[in-house]
Amino acid sequence: MELNAVRNSYARWAPIYDQTFGRLTNAGRRRSVAYINQYTGTVLEVGVGTGLSLPHYKPDLAVTGIDFSEEMLDKARDKVRLRKLDHVTELRQMDARTLDFPDDHFDTVTAMHVLSVVPEPERVMSEIARVCKPGGQVVIANHFARERGFLAILERLTAPLENVLGWHSDFAIERVLQDPRLSVDLNRPHPPFGMMTFLVLRKA
Ligand SMILES: C[S@@+](CC[C@H](N)C(=O)[O-])C[C@H]1O[C@@H](n2cnc3c(N)ncnc32)[C@H](O)[C@@H]1O
């Protein structure tokens, strides 16, 4: 998607996101955070959106969230304030293609349902790899294109609507697996109904 389309699309999604796509993907989001909660230290959530994941992190992690959409971030800020989520240390407006953090900074970097939305996903993955500490992990939950079947046809038919839908429906997994600093530790189906993919990449 183009950045302007992201801004417009997620300004429209923000008021209804938690009750629609957010609800549909909640089981997977909780499972992703449960995985991250096995570890310690700092977490960067890229494209944190309305902050649906934030209440599920264990309190001794230090979580930073960034998102391009101010409307989505406002919803996340409300959650942090109303639920007193003290483990969320920072929520900032930022383009994931140019992360304003030093190299080798976070123990875990996560992106849930974001990589098929951002412009230039390869550049976002390069930034994610840069800010992740050596030995750290990158946790991704996303929908990737199917190769065959009715749903694969549907994904290809709806692909031109990406700027309206707010995501790229036939997004190839290879686009997030290209950075030489990251190797695949885990790759498995993820809720709902195994439609999503859960990936853990490790930085050498
Ligand atoms: C489908 S939502 C996912 C939100 C959240 N991760 C979740 O699981 O509910 C995609 C998010 O990516 C954000 N996004 C898109 N392009 C971005 C960019 N270039 N930089 C930062 N965030 C971006 C959108 O604003 C939106 O909040």
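Below or above, wherever it landed, is the structure these notes cover. As the structure is a prediction and not an experimental result, all values here were calculated from the model.

Rules used throughout
Residues numbered from 1 in each chain as written. Predicted model: local features only at pLDDT ≥ 70, side-chain atom pairs only at ≥ 80, totals over all residues. Heavy atoms only, no water. Helix = DSSP H or I, 4+ residues; strand = E, 2+ residues; numbered from the N terminus. Buried < 20%, exposed > 50% of the residue type's maximum accessible area, 1.4 Å probe, protein only. Contact = heavy atoms within 4.5 Å. Polar contact = N/O pair within 3.5 Å; in protein donor to acceptor, adjacent residues only side chain to side chain. Pairing = 2+ DSSP bridges. Axes fitted to C-alpha atoms, helices over the stretch in contact; angles between N-to-C directions. Core = buried A, V, L, I, M, F, W, Y, C linked by side-chain atoms within 4.5 Å. Near = heavy atom within 4 Å. Areas by Shrake-Rupley, 256 points an atom, 1.4 Å probe, with all protein chains shown as cover. Nonpolar A, V, L, I, M, F, W, Y, C, P; charged D, E, K, R; others polar.

Attention shifts here to the environment of Lys-203. Relative to the helices and strands, Lys-203 resides in strand β7 (residues 196-203). Relative accessible area serves as the criterion here: at 7%, Lys-203 is assigned to the buried category. Between the C-alpha atoms of Lys-203 and Gly-136, which are 67 residues apart in sequence, the distance is 5.6 Å. Sequence-distant contacts of Lys-203, defined by excluding residues within four places in its chain, comprise Asp-104, Ala-129, Arg-130, Cys-132, Lys-133, Pro-134, Gly-135, Gly-136, Arg-181 and Leu-182. Among the polar contacts made by the side chain of Lys-203, one reaches the main-chain carbonyl oxygen of Arg-130 at a distance of 3.4 Å. A polar side-chain atom of Lys-203 sits 2.7 Å from the main-chain carbonyl oxygen of Cys-132.

Another point: the sheet that holds strand β1 (residues 42-46). As summarised here, the arrangement of the seven strands in space is β3-β2-β1-β4-β5-β7-β6, forming an open sheet in which the pairing is mixed. In the strand order of this sheet, the two ends are held by β3 (88-93) and β6 (182-190), each with one partner. Across this sheet, the average inter-strand angle for adjacent strands is 15°, counted without regard to direction. As paired strands, strand β2 (residues 62-67) and β3 are joined by five bridges and run parallel to one another. The residue bridging Ile-66 from the neighbouring strand is Arg-92, located in β3. Strands β1, β4 (106-112), β5 (132-142), β6 and β7 of the sheet are contacted by helix α5 (residues 121-131), whose axis makes an angle of about 140° with β5.

Below, the discussion takes up unusual backbone geometry. Pro-192 follows Pro-191 through a cis peptide bond whose omega is 0°. The residue Pro-192 is located in the loop between β6 and β7 in this model. Here the phi dihedral of His-113 falls at roughly 60°; this positive angle occurs in a residue that is not glycine. As for its placement among the helices and strands, His-113 is situated in the loop between β4 and α5. Judged by its relative accessible area of 12%, His-113 is buried. Positive phi values are uncommon outside glycine, yet Phe-193 reaches one of about 55°.

To continue, consider the nonpolar core. Generally speaking, soluble globular proteins have nonpolar side chains that are buried together. Within the largest apolar cluster, 28 residues are counted, with the highest numbers of intra-cluster contacts made by Leu-44, Val-46 and Leu-115. Within the residue set of this core, elements represented by two or more residues are β1, β4, α5, β5 and β7. If we ignore the near neighbours within four places in the chain, the residues touching Leu-44 are Thr-64, Ile-66, Leu-99, Phe-101, Phe-106, Thr-108, Val-109, Thr-110 and Val-131. Counting 20 residues, the second largest nonpolar core, distinct from the first, contains Val-33, Val-48, Leu-54 and Met-112.

Glancing now at the site of the ligand. Around the ligand sit 21 residues, and of these Tyr-17, Gly-47, Asp-67, Ala-96 and Met-112 come closest. One nitrogen or oxygen atom from the side chain of Asp-95 is found 2.9 Å from a nitrogen atom belonging to the ligand. In isolation the ligand exposes 600 Å². Once the protein is present, 99% of that is buried. Here the shell around the ligand is composed, by residue class, of 14 nonpolar, four polar and three charged.

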